[in-house]
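Fold and geometry: a report
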Amino acid sequence: MAFIETVNLSQKADDRYILQNINLAIEKGEVFALIGATGAGKTTLLRLLNLIDTPASGKIYFDGMDTAQSARSRLEMRRRMAFVLQKPVVFNRSVFDNVASGLRWRGENKSRLREKVSHILEEVGLLPERNRNARTLSGGEMQRVAIARAMALEPEVLLLDEPTANLDPVSAGRIEELITEVIKHYTTTFVLATHDMALGQRLADRIGVLVNGKLLQVGNSRDVFATPGNRDIARLVGVENIIDGVITSNQDRIVTIDIGGRLIEAISDYAVGRAVSACVRPEDITLALSPVSSSARNSYPGEVTWAVAMGPLTRVEIDCGFPLVVMVTRKSAEEMKLVTGRKVFASFKATGVHVIRKN
Amino acid sequence: MTEIWQGLTRALELIFTLDPEVMEIAGRSLTISVTSTILASLICLPLGSLIHFRNFPGKRFLVSIIQTFFSVPTVAIGLFVFVLFSRAGLLGGLDLMFTPAIMVIGQVMLITPVMLGLTISALSGVDKAILDTALSLGASDFQASVVALREARYAVLAAVIMGFGRAISEIGIALMVGGNIKGFTRVITTAISLETSRGDLELAIALGIILISIALVINIILNRVQQR
């Protein structure tokens, strides 16, 4: 049995399911990311795993034990975990007292408590602020207090709910760095909820995708990223081009998809006649000003309809009979003069297309 | 008019010379009311947390009832305690009638609703996320409610001070079940009432000034606390 396991776990609010039949197994020492849009049920699931709430139905096993027990033994199990809530709330006390609170509740002796708290404050870079009232800190600092407060407990499981949401990019970067350090140096099991697929991919060993209260796909982060199981997941993991069509031929897994007159070649097992969606990541498409003969089987002439700079990249929208979104570096966008009305050729490899069943 | 003026100067004299009788009565008033407030706090803080944090049928109705008793007349409590503790009463066997102890009991009954109601509303002002955070860090239910009370400390302190103010200024209970016995159950309010009816305005005014001063100090503290 895995370290944390849920069996047909469901949660209801006002007679509506927020989580439905979640079957999840998280191994000891693993970094597991729960990915999902806002309202998908990530927080609800974390609250259940932390034993703050009780499920409407289903079971949660922690370290081989059924967690549906007396309040006393649930408290004992909860004390082996720590949970950093999405909204970083701090107690209206000093930074030191905030970080010490969990240890005090566990009856840690004074000198060890002082030592542990000082050590953690040093680690998160808040030692100079230890006597300040935590309410006067900035959002990023509060989040660091919240993480320090959890880490001070040396938990076997650390649950993190959107640790970098609501923070400015610099603070978010610092928090991510901090989490990366913790993951590297501690053997803690991590369960991390985020709507940021890229963050999940950077930090996690495995990813579970939650859509509308259901766990739709679980796998290592590369697989989920490259081969999303359906349209919802594809959207969530940043696939912007989802093109509907029908398979018209399949020769040795090389399929042709008819998308209303135009054809896309891809690799897939689906049989002829099946309605599918072709998923193409914007960064897997290349643009050129003249037709190119390369290994890319799919090449389409088109016209730029919109181009906008997004940091180091430029997002280009093209009409080639069907709309395509392409990401190119800002430099090449400038060199190719990609402005509205510019004629271009868009191409992508058959292996760059991920085919999913149309739903 | 001259009578009042004379009374006032004589009253100040009584206060500043620390007249033994004045000091004794004021001291007893404070002792009894502070005791009542401490006992009521010991009841109201845990009970208020329990009512706030537990969900049970009829919770809103209970809170409405508590709020109704905010302004219960002191004589009503006095009557109730009198009936309960008189010779023929349910608790008559305890033989507490006309003692400071029964005054404390009455005052606790009087101020419990106010303190309970204000404690509950103080806790309602605490962010739910504070409680979740405490639980997620391994606090027991009891430890989590201590956290909530501490977060709401200024509002809770205001509840306690309100209770004390109501206790020290009441007269119904002190008169009806305390009995205004000189040197034993005579407190500021009963003494003022008696001395005024006897025409001894000096003592009455001196005690009145002390009572108003206590009220003033309470109000200053309350204001300070609420501005935090």
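Residues numbered from 1 in each chain as written. Chains lettered and ligands numbered in written order. Predicted model: local features only at pLDDT ≥ 70, side-chain atom pairs only at ≥ 80, totals over all residues. Heavy atoms only, no water.

1. Quick notes on the overall build of chain A
Quick note on the threshold: Helix and strand labels come from DSSP, where a helix needs a run of H or I of at least four residues and a strand needs a run of E of at least two; each type is numbered from the N terminus. Any residue under 20% of the maximum accessible area for its type is buried, any over 50% is exposed, and the rest in between are partly exposed; the area is computed with a 1.4 Å probe on protein chains only. Contacts between residues were defined by any pair of non-hydrogen atoms, one from each residue, lying within 4.5 Å. For the accessible areas, the method is Shrake-Rupley and the probe is 1.4 Å, while residue cover comes only from the protein chains on display. Charge assignment in this entry is limited to Lys and Arg as positive and Asp and Glu as negative, and neither His nor the chain termini are counted. Charged groups are reduced to one reference atom each: NZ for lysine, CZ for arginine, CG for aspartic acid, CD for glutamic acid.
Across its full length, chain A carries 10 helices and 20 strands. Dimensions of chain A, computed from C-alpha atoms along their principal axes, come out at roughly 75 × 45 × 35 Å. In chain A, which comprises 359 residues, the share counted as buried stands at 51%. Excluding contacts between residues fewer than 6 apart, the proportion of contacts in chain A whose partners are at least 24 apart in sequence is 65%. A total of about 16700 Å² of accessible surface is found on chain A, and carbon and sulfur atoms cover 49% of it. Separation between the mean location of the 46 positive side-chain charges and that of the 41 negative ones in chain A comes to 4 Å.

2. Re helix 8 (residues 153-169) of chain B
Using the following cut-off: By this rule, a helix spans an expected 1.5 Å times one less than how many residues it contains.
Taking 1.5 Å of rise per residue, the 17 residues of helix 8 of chain B would be expected to cover 24 Å, and the 24 Å separating its terminal C-alpha atoms lies within 8% of that figure. When helix 8 of chain B is considered as a whole, its buried residues turn out to be Val156, Ala158, Ala159, Val160, Ile161, Gly163, Phe164, Ala167 and Ile168 of chain B.

3. Structural notes on the domain arrangement of chain A
All names here are of chain A. Put simply, the test is: Each domain's extent is set by a domain assignment, obtained either automatically or from a database. Two parts placed together each lose some accessible area under a 1.4 Å probe, and the buried area is that loss summed for both. Salt bridge, as applied in this entry: a Lys or Arg side-chain nitrogen positioned within 4 Å of an Asp or Glu carboxyl oxygen. Side-chain classes are defined by residue name, with Ala, Val, Leu, Ile, Met, Phe, Trp, Tyr, Cys and Pro counting as nonpolar, Asp, Glu, Lys and Arg as charged, and the others, Gly among them, as polar.
Segmenting chain A into domains produces domain 1 (4-235) and domain 2 (239-357). Averaged C-alpha coordinates put domain 1 and domain 2 at centres separated by 38 Å. Contacts between the two partners involve 9 residues from domain 1 and, on the opposite side, 9 residues from domain 2. For the pairing of domain 1 and domain 2, the buried interface totals around 760 Å² over both sides, and the portion due to carbon and sulfur atoms is 51%. Between domain 1 and domain 2 we count 1 salt bridge in total. Here Asp244 makes a salt bridge to Arg231, at a shortest N to O gap of 2.9 Å. Of all the secondary-structure elements, those providing two or more residues to the side of domain 1 that touches domain 2 are helix 8 (221-226) and helix 9 (231-236). Considering each element in turn, the side of domain 1 that touches domain 2 owes the most residues, 3 residues, to helix 9. A per-class count over the side of domain 1 that touches domain 2 returns 4 nonpolar, 3 polar and 2 charged.

4. A few points about the environment of Gly29 of chain A
Among the secondary structure elements, Gly29 of chain A is positioned in the loop between strand 2 (16-26) and strand 3 (31-35). Discounting residues that sit within four places of it in the chain, Gly29 of chain A has contacts with Thr187, Thr188 and Thr189 of chain A.

5. Notes on the sheet that holds strand 16 (residues 298-310) of chain A
Residue and element names in this part refer to chain A. Spelled out, the test is: Should DSSP find at least two bridges between two strands, the strands are taken to pair. For helices, the axis comes from a line fit to the C-alpha atoms of the stretch in contact; other axes are also lines fit to C-alpha atoms, and the angle between any two N-to-C directions lies between 0 and 180 degrees.
Taken together, 5 strands build an open sheet; the order of strands is 15-19-16-17-18 and the sheet is antiparallel. Looking at the sheet topology across the chains shown, the edges are occupied by strand 15 (286-288) and strand 18 (323-329). Shown here is a sheet whose adjacent strand axes are inclined to one another by a mean of 45 degrees, direction ignored. Two elements, strand 17 (residues 313-319) and strand 18, share 7 bridges in a ladder whose sense is antiparallel. Along strand 18, the bridge assignment pairs Leu313 with Thr329.

6. Regarding the packing of aromatic side chains
Note on aromatic pairs: each is described by the distance of the centres and the angle between the planes. Residue and element names in this part refer to chain A. Convention followed: Note on ring pairs: Phe, Tyr and Trp rings are taken, using the six-membered ring of Trp, and paired if centres are within 6.5 Å. Classes follow the plane angle, with under 30 degrees stacked, over 60 edge-to-face and the rest tilted.
The tally for this structure, following the rule as stated, stands at 4 aromatic pairs over all chains. Arranged with centres 6.2 Å apart and planes meeting at 70 degrees, the rings of Phe91 and Trp105 form a pair that is edge-to-face. Taken together, the positions of Phe91 in the loop between strand 6 (81-84) and helix 3 (95-105) and Trp105 in helix 3 put the pair 14 residues apart, joining distant regions of the chain. Take Phe91 and Trp105: they sit in the same class, and that class is buried. Look at Tyr300 and Phe322: their rings are 5.2 Å apart centre to centre, the planes differ by 85 degrees, and that puts the pair in the edge-to-face class.

7. Points about the packing of helix 2 (residues 20-53) of chain B against helix 3 (residues 59-68) of chain B
All names here are of chain B. At a minimum axis separation of 10 Å, helix 2 and helix 3 run at an interaxial angle of 145 degrees. Here Ile51, His52 and Phe53 of helix 2 lie close against helix 3, whose contacting residues are Lys59, Leu62, Val63 and Ile66. Here the contact of helix 2 with helix 3 is composed, by residue class, of 5 nonpolar, 1 polar and 1 charged.

8. What to know about a nonpolar patch on the surface
Short version of the rule: Patches here are clusters of residues that have more than 30% relative accessible area and form no salt bridge, with a 9 Å joining cutoff for like charges and a 5 Å cutoff for nonpolar side chains (Val, Leu, Ile, Met, Phe, Trp, Tyr).
A contiguous nonpolar patch, built from Leu79, Phe82, Val83, Phe98, Ile181 and Phe184 of chain B and spanning about 500 Å² of accessible area, is present on the exposed surface. Of note, Leu79 of chain B is situated in helix 4 (residues 74-85).

9. Some words on the interface of chain B and chain A
Heads up, the rule is: By the criterion applied in these results, polar contacts are pairs of N or O atoms within 3.5 Å in which, for protein atoms, one can donate a hydrogen and the other can accept it, and in which residues neighboring in sequence qualify only through two side-chain atoms.
At the interface, 18 residues of chain B touch 23 residues of chain A. Its largest share of buried area at the contact with chain A, chain B owes to Ser136, Leu137 and Glu151 of chain B, together 33% of the area lost on that side. Along the contact surface separating chain B from chain A lie 3 salt bridges. Ionic pairing is found between Asp132 of chain B and Arg47 of chain A, a salt bridge with its closest N-O pair at 2.9 Å. Linking chain B with chain A are 12 residue pairs in polar contact (both at pLDDT 80 or more). Secondary structure elements with two or more residues in the side of chain B that touches chain A: helix 6 (128-136) and helix 7 (141-151) of chain B. Considering every element that reaches the side of chain B that touches chain A, the biggest residue donor is helix 6 of chain B, with 8 residues. Residue composition of the side of chain B that touches chain A, by class: 7 nonpolar, 5 polar and 6 charged.

10. A few points about the nonpolar core
All names here are of chain A. Our working definition: By convention a nonpolar core is built from buried Ala, Val, Leu, Ile, Met, Phe, Trp, Tyr and Cys residues, the set being connected through side-chain atoms within 4.5 Å.
Within the largest apolar cluster, 101 residues are counted, with the highest numbers of intra-cluster contacts made by Leu34 and Leu45. When residues of this core are assigned to their parent elements, the largest contribution, 7 residues, is made by helix 5 (residues 139-151). Residue-level mapping places this core at the junction of two domains, with at least three residues from each of domain 1 (4-235) and domain 2 (239-357). With residues up to four places along the chain from it excluded, the contact list for Leu34 reads Lys42, Leu45, Leu46, Val191, Leu192, Ala193, Thr194, Gly208, Leu210 and Leu215. One finds Ile247, Tyr300, Val344 and Phe348 within the second-largest nonpolar core, a separate group that totals 29 residues.

11. Considerations on the pairing of strand 4 (residues 57-62) of chain A
Residue and element names in this part refer to chain A. Pairing of strand 1 (residues 4-13) with strand 4 involves 5 bridges; the strand directions are antiparallel. In the sheet register, Ile4 faces strand 4, and the bridge partner there is Phe62. Judged from the 2 bridges that link them, strand 4 and strand 5 (residues 65-66) form a sheet pairing that is antiparallel. Bridged to Tyr61 within strand 5 is Asp66. Between strand 4 and strand 5, which pair antiparallel in sequence order, lie 2 residues; one of them, Asp63, sits at a positive phi of approximately 50 degrees.

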